[in-house]
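Observations on the model geometry
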Amino acid sequence: MFKIKKKVEKPKRTVLYNIVEDYSEFDAPGNVTVCAMTEPEDLAAHAKILSESYDVPLETMMKLLTEGGTYVYPEVGGLLTRGLFACWIDLSSRPKQTWTLDLMQFAEAEQLVRTKGIPLLDAAREIFRKTLPDELKTKLEQKNLGLDYRTVDRVVAKGGDIKYIDFRKDWSPHFKRLCIMPDGRLVETGGLQEFAELHGITITQAKILIEQGGTLDVNGELLACQIVNGQPAVARFSAQNSAKAKELVASKGIHLMDALSEVGYADPAMMRGLARKELTGRR
């Protein structure tokens, strides 16, 4: 007798975005990454991921993505420590948009509410938009960010018009970032756990490194993170390059991060990785 093997359906991987444009090089708070989707929105998955990313209750996030509105982060010990999360829904053909305001931007938005007598969501949108790079402001006024659907990936074009845009700044499991390895490879990780596993460090160590920047010794190599305009840029240096950087610190009296940059730029393999990152940084 022959046994009939049942086909096991693998769970379909959640794809939240198929268009990503990086504007993280611009001055804060306009340093965002534009993450857009042309496929139909999976509301449950979208809400779950944004809820986890931005620490907004799932029920609240579902309502925001359905109706639009704002979520003001609660006070901690009687003080506001974070701004707000916003979801703007246009009843015409423009895509749904989500973004966050930091504490200073939130204060500006509240001031607009008082002086202009407009809803908080409208004020939040005005404050957010004015910080963005001019190039991005122009694109947002154009259909589908001004993309030429004759030249974009067929899978992207097949989805039709952009359904939603998330303006992201976070490090979450569903938002991939690149790390330059000692041999010049660009390794993509999404979220602190995956990042920690890649480098063999604890999640606590990963969180501190990504949020505060700095360096971490890992098995004789050096993992370095520099915060540029609020965005973490990560590279891992070989033991040999780490030793060279430390020698530069001792001989020139420069900061370790500056020494690592100098060593990295002099390393052909790492420079190839950096060049690839520059080429793929804005898609």
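Residues numbered from 1 in each chain as written. Predicted model: local features only at pLDDT ≥ 70, side-chain atom pairs only at ≥ 80, totals over all residues. Heavy atoms only, no water.

**Remarks on the sheet that holds strand β3 (residues 69-72)**
Ordered in space as β1-β2-β6-β5-β4-β3, the six strands form an open sheet in which the pairing is mixed. Because the sheet does not close on itself, it has two edges, and the strands there are β1 (19-22) and β3. Direction aside, neighbouring strands of the sheet carry axes that sit 15° apart on average. Sheet contacts for helix α3 (residues 103-116): β3, β4 (84-88) and β5 (96-101); angle to β5, the most-contacted strand, approximately 110°. Packing of helix α4 (residues 120-131) onto the sheet brings it into contact with β3, β4, β5 and β6 (164-168), and relative to β5 it is tilted by some 80°. (Pairing = 2+ DSSP bridges. Helix = DSSP H or I, 4+ residues; strand = E, 2+ residues; numbered from the N terminus. Axes fitted to C-alpha atoms, helices over the stretch in contact; angles between N-to-C directions. Contact = heavy atoms within 4.5 Å.)

**Remarks on the packing of helix α9 (residues 239-252) against helix α10 (residues 256-266)**
Think of two packed helices as two axes; the pair is described by the angle between the axes and how far apart they sit. At their nearest, the axes of α9 and α10 sit 8 Å apart, and the two run at 125° to each other. By the angle between their axes, α9 is oblique relative to α10. For the pair α9 and α10, the sense of crossing is right-handed. Taken together, the residues of α10 that come into contact with α9 (itself represented by Asn241, Lys244, Ala245, Lys246, Leu248, Val249 and Lys252) are Leu256, Ala259, Leu260, Glu262 and Val263. For the contact of α9 with α10, a count of residues per class yields seven nonpolar, one polar and four charged. (Parallel < 35°, antiparallel > 145°, perpendicular 65-115°, else oblique. Left-handed = near helix turned anticlockwise from the far one by under 90°. Nonpolar A, V, L, I, M, F, W, Y, C, P; charged D, E, K, R; others polar.)

**A closer look at the confidence of the model for the protein**
Scored by pLDDT, the protein has a mean of 86; 88% of the residues are at 70 or more. Note on residues 278-283: pLDDT under 50 across the span, and nine contacts to partners over four residues away in sequence or across chains. (pLDDT = per-residue confidence, 0-100.)

**So, the packing of aromatic side chains**
For the coordinates displayed, the defined rule picks out five aromatic pairs. With centroids separated by 6.4 Å and ring planes inclined at 65°, the aromatic side chains of Tyr17 and Tyr164 adopt a geometry described as edge-to-face. Of the two residues, Tyr17 sits in the segment before β1 while Tyr164 sits in strand β6, which places them 147 residues apart along the sequence. Taking the relative accessible area as the measure of exposure, Tyr164 reaches 2% and is therefore buried. On the basis of an interplanar angle of 80° and a centroid distance of 5.3 Å, the ring pair of Tyr71 and Tyr73 is categorised as edge-to-face. Residues Tyr71 and Tyr73 agree in their burial class; the two are buried. Ring-pair connections join several aromatic residues into one group, and the members of that group are Trp99, Phe128 and Phe167. If you follow Arg82 out to its NZ or CZ, it ends over the ring of Tyr73, 3.9 Å from the centre. Directly above the aromatic system of Trp88 lies the positively charged group of Arg125, at a separation of 3.8 Å from the ring centroid. (Phe/Tyr/Trp six-rings, centres within 6.5 Å; stacked < 30°, edge-to-face > 60°. Buried < 20%, exposed > 50% of the residue type's maximum accessible area, 1.4 Å probe, protein only. Lys NZ or Arg CZ within 6 Å of the ring centre and 35° of its normal.)

**A look at helix α2 (residues 58-67)**
Taken together, the buried positions of α2 are Met61, Leu64 and Leu65. End-on, the buried residues of α2 take up no more than an arc of 90°, which puts them together on one face. Of the exposed residues in α2, those oriented more than 90 degrees away from the buried face are Glu59, Lys63, Thr66 and Glu67. Structurally, α2 contributes buried residues whose contacts are with α1 (43-54), β3, β4 and β5. Once α2 finishes, Gly68 follows within two positions and takes phi at roughly 85°, a positive value. (Arc of directions from axis to C-beta.)

**Points about α9**
Between its first and last C-alpha, α9 extends 20 Å over 14 residues, near the 20 Å set by a 1.5 Å rise per residue. Within α9 the residues assigned to the buried category are Asn241, Ser242, Ala245 and Leu248. Projected down its long axis, α9 carries its buried residues within an arc of 120°, all on one side. The exposed set on the far side of α9, more than 90 degrees from its buried face, consists of Gln240, Glu247, Ala250 and Ser251. (Expected span 1.5 Å × (residues − 1).)

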